[in-house]
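Architecture and fold: a report
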Amino acid sequence: MSLRRLAPPDIQPASFAFNDDSEKRVAVEIAKYPPGRQASAVISLLWIGQEQDGWVTHPMIEAVGRRLGMPFIRVLEVATFYTMFNLHPVGKFHLQVCTTPPCMLRGSDDVVKACEKHIGHAQMAPTADGMLSWTEVECLGACTNAPVFQVGRDFYEDLDADSTVKLIEAFRKGQPLKAGSQTGRVSSEAAGGQNTLTDRAIYAPRPVATAPHNAGPALTDSEAKKPTQAASDREAPAQKPPGAAT
């Protein structure tokens, strides 16, 4: 567990307010919860604020608390617990590099080295032009396509040192490349291509079975929907009156 604190006061903005577009999203999120349960929207409101300003600020936490009727400390606890919230200013393109074991075994160390060389050694520190920053994060849940980093809502998968540098340069120019696999892998199939369920015949439509000649007349829709007697009822022994011979 890492220690997460808000950015120092000298870089905090003086105030925060949701803009018009964010206000519409805030109203939608709060309306999802019944009266008295609006605090459940705290993560959504912090996320909307972060997408608006790029990071979660002290005034933003205060504003979210006022909107949801929550003490400042309750909102602060949420903001500092989840690493999805940036507590410091980050670059326009913030690379969150997964370094948990599946990504590590597939070469995330090379991705990290590329970030250190081409963005900077300090994590969460934006470049001078404000375009880039990076940090290590816990599992992004895309192990099959490891190694992976996330930028905004997009995943960039099947990375190596060269593809990471190529992406960094594209981000720096404001021209990010296509998200997803950088090797052309389709979805999460095997790295060398699909190797199971390759017989296309199994996907062909199967002929519809016809009723035998002695099956009797077809049931109407209403007849087919009538409940039938359960097997346990049909096979249960008949009840006998008291004193009857067994």
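The structure reproduced in this document is the subject of the present report. (Residues numbered from 1 in each chain as written. Predicted model: local features only at pLDDT ≥ 70, side-chain atom pairs only at ≥ 80, totals over all residues. Heavy atoms only, no water.)

1. Examining a negative patch on the surface
A cluster of acidic residues, Asp109, Asp110, Glu136, Glu138, Asp160 and Asp162, forms a negative patch on the protein surface. Looking at where Glu136 falls in the secondary structure, it is placed in strand β2 (residues 132-137). (Patch = residues over 30% accessible without salt bridge, like charges linked within 9 Å, V, L, I, M, F, W, Y side chains within 5 Å. Areas by Shrake-Rupley, 256 points an atom, 1.4 Å probe, with all protein chains shown as cover. Salt bridge = Lys/Arg side-chain N within 4 Å of Asp/Glu carboxyl O. Lys, Arg positive; Asp, Glu negative; His and termini not counted. Charge placed at Lys NZ, Arg CZ, Asp CG, Glu CD. Helix = DSSP H or I, 4+ residues; strand = E, 2+ residues; numbered from the N terminus.)

2. Side note on the state of the cysteines
Counted by the stated rule, this structure contains 0 disulfides. Cys103 takes part in no disulfide bond, and the closest cysteine sulfur to it belongs to Cys98, at a distance of 3.6 Å. The closest cysteine sulfur to the non-disulfide-bonded Cys139 is located on Cys143, 4.2 Å from its own sulfur. Taking the relative accessible area as the measure of exposure, Cys139 reaches 46% and is therefore partly exposed. (Disulfide = S-S within 2.5 Å. Buried < 20%, exposed > 50% of the residue type's maximum accessible area, 1.4 Å probe, protein only.)

3. Focus: the pairing of strand β1 (residues 93-98)
Burial within β1 is extensive, with 6 of its 6 residues counted as buried. The side-chain alternation of β1 yields two buried faces, one formed by Phe93, Leu95 and Val97 and the other by His94, Gln96 and Cys98. Across 6 bridges, the pairing between β1 and β2 is parallel. The partner of Phe93 across the bridge, within β2, is Leu132. (Pairing = 2+ DSSP bridges.)

4. Concerning the sheet that holds strand β3 (residues 149-151)
Strand-to-strand pairing in sheets goes through backbone hydrogen bonds, with the strands running parallel or antiparallel. Spatially, the 5 strands line up as an open sheet ordered β2-β1-β3-β4-β5, and their pairing is mixed. Of all the strands in the sheet, the pair left with one neighbour each is β2 and β5 (180-181). Summarising the sheet, strand β4 (residues 154-157) and β5 pair through 2 bridges and their orientation is parallel. Looking at β5, one finds that Tyr156 is bridged to Gly180. Across the sheet, helix α6 (residues 108-118) touches β1, β2 and β3, and the angle it forms with β1 is around 150 degrees. (Contact = heavy atoms within 4.5 Å. Axes fitted to C-alpha atoms, helices over the stretch in contact; angles between N-to-C directions.)

5. As for the packing of aromatic side chains
Evaluation of the coordinates by the stated rule reveals 6 aromatic pairs. Geometrically, the ring pair formed by Phe149 and Tyr156 is tilted, given 5.6 Å between the ring centres and 40 degrees between the ring planes. An aromatic cluster is built from Phe93, Phe149, Tyr156 and Phe171, whose rings are joined through pairwise contacts. (Phe/Tyr/Trp six-rings, centres within 6.5 Å; stacked < 30°, edge-to-face > 60°.)

6. A short note on the side chain of Glu157
One can find Glu157 in strand β4. An unpaired buried charge is present at Glu157: no salt bridge exists, and Arg185, the closest side chain of opposite charge, is 6.6 Å distant. Filtering out sequence-adjacent residues up to four positions away, Glu157 remains in contact with Ala142, Asn145, Pro147, Val148, Gly180, Ser181 and Gln182.

7. Here's the deal with the pairing of β4
Across 3 bridges, β3 lies against β4 in antiparallel orientation. By the bridge assignment, Gln150 is partnered in β4 with Phe155.

8. Overview of helix α7 (residues 161-172)
Between its terminal C-alpha atoms α7 stretches 16 Å, which fits the 16 Å expected from 12 residues at 1.5 Å a residue. Within α7 the residues assigned to the buried category are Ser163, Thr164, Leu167, Ile168, Ala170 and Phe171. Take α7 and look down its axis: the buried residues cluster within an arc of 165 degrees, on one side only. Seen from the open side of α7, the exposed residues pointing more than 90 degrees away from its buried face are Asp162 and Lys166. Residues of α7 that are buried make contact with β1, α6, β2, β3 and β4. At the N-terminal end of α7, a side-chain oxygen is found 3.2 Å from the backbone nitrogen of Asp162, two or three residues along, and the residue is Asp160. Following α7 by one or two positions, Gly174 has its phi on the positive side, about 75 degrees. (Expected span 1.5 Å × (residues − 1). Arc of directions from axis to C-beta. Polar contact = N/O pair within 3.5 Å; in protein donor to acceptor, adjacent residues only side chain to side chain.)

9. A look at the environment of Leu46
Structurally, Leu46 can be placed in helix α2 (residues 42-53). In sequence terms Leu46 and Val78 are 32 residues apart; their C-alpha atoms lie 9.0 Å from each other.

10. As for the nonpolar core
Ranked by size, the top nonpolar core spans 23 residues in total, and within it Val42, Leu45, Leu46, Val56, Ile61, Val64 and Leu68 carry the most contacts. Looking at this core, the elements that each hand over two or more residues are α1 (20-30), α2, α3 (58-68) and α4 (72-81). Sort the elements by how many residues they give to this core and α3 lands first, with 5 residues. Not counting chain neighbours up to four residues away, the residues in contact with Val56 comprise Leu6, Leu46, Gln50, Ile61, Ala79, Phe85, Asn86 and Leu87. Within the second largest apolar cluster, 17 residues are counted, among which are Phe93, Met131, Phe149 and Tyr156. (Core = buried A, V, L, I, M, F, W, Y, C linked by side-chain atoms within 4.5 Å.)

By themselves, these figures tell us nothing about what the structure is for.
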